[in-house]
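What follows is each chain in one-letter form.
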Amino acid sequence: MIRTAVPCLLTLVLVVTGILHFVWAFAPWPWRDNVTFTRTIVGSDAKPAQKP
């Protein structure tokens, strides 16, 4: 039982983490905007670069 439960749980955790990284590549979800996202994740007050 443990030999199948642990790999399944690890796989689920890795898949969910991968999905969140994919979402965060395109949107600042669950934060309102890129500035809040940057302040929360990086811990910096610096604004993200402006898109040309």
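All values derive from a computational prediction rather than experimental measurement.

Draft legend 1. Molecular detail of the overall build of the chain. A count of helical and extended segments in the chain gives two helices and zero strands. Within the chain, the proportion of its 52 residues that are buried is 6%. Total accessible area on the chain stands at roughly 4900 Å², and carbon and sulfur atoms take up 69% of it.

Draft legend 2. Summary view of the packing of aromatic side chains. For the structure shown, the criterion picks out two aromatic pairs. Taken together, a centroid distance of 5.2 Å and an interplanar angle of 70 degrees make the contact between Phe 22 and Phe 26 edge-to-face. One end of the pair, Phe 22, and the other, Phe 26, are both in helix α1 (residues 2-26), four residues apart, so they sit about a helical turn from each other. In terms of burial, Phe 22 and Phe 26 fall into one category: exposed. A ring pair is formed by Trp 24 and Trp 31, whose centres lie 6.4 Å apart and whose planes are at 45 degrees; its orientation type is tilted. Residue class for Trp 24 comes out partly exposed when judged on its relative accessible area of 28%.

Draft legend 3. Here's a closer look at a nonpolar patch on the surface. Where nonpolar side chains cluster on the molecular surface, the patch consists of Val 15, Ile 19, Phe 22, Val 23, Phe 26 and Trp 29 and spans about 650 Å² of accessible area. Given a relative accessible area of 57%, Phe 22 falls into the exposed group.

Draft legend 4. The environment of Pro 28, seen in detail. Assignment of secondary structure puts Pro 28 in the loop between α1 and α2 (34-41). Judged by relative accessible area, which is 19%, Pro 28 ranks as buried. Distance in space between the C-alpha atoms of Pro 28 and Thr 38 is 8.7 Å, their sequence separation being 10 residues. The residues touching Pro 28, leaving out its near neighbours within four places in the chain, are Asp 33, Asn 34 and Phe 37.

Definitions and cut-offs
Sequence order as written defines residue numbering, which begins from 1 separately in each chain. Only residues with pLDDT of 70 or above have their local features reported here, since the model is predicted, and side-chain atom pairs are shown and tallied only from 80 upward, although totals for entire chains, interfaces and linings are computed over all residues. To obtain the side-chain values, all non-hydrogen atoms of the structure were used and water was disregarded. Helix and strand assignments follow DSSP, with helices taken as H or I runs no shorter than four residues and strands as E runs no shorter than two, numbered in order from the N terminus. A simple rule labels every residue: compare its accessible area, found with a 1.4 Å probe on the protein chains alone, to the largest value its type can have, and call it buried under 20%, exposed over 50%, or partly exposed in between. Per-residue and other accessible areas follow the Shrake-Rupley method at a 1.4 Å probe size, with only the shown protein chains counted as cover for residues. Aromatic pairs are defined between Phe, Tyr and Trp rings, using the six-membered ring for Trp, whenever the two ring centres lie within 6.5 Å; interplanar angles under 30 degrees are classed as stacked, those over 60 as edge-to-face, and all others as tilted. Note on patches: the residues involved have over 30% relative accessible area and no salt bridge, like charges join within 9 Å, and the nonpolar side chains Val, Leu, Ile, Met, Phe, Trp and Tyr join within 5 Å. Any carboxyl oxygen of Asp or Glu that lies within 4 Å of a side-chain nitrogen of Lys or Arg is treated as forming a salt bridge with it. Whether two residues are in contact is decided by their heavy atoms, any of which lying within 4.5 Å being enough.

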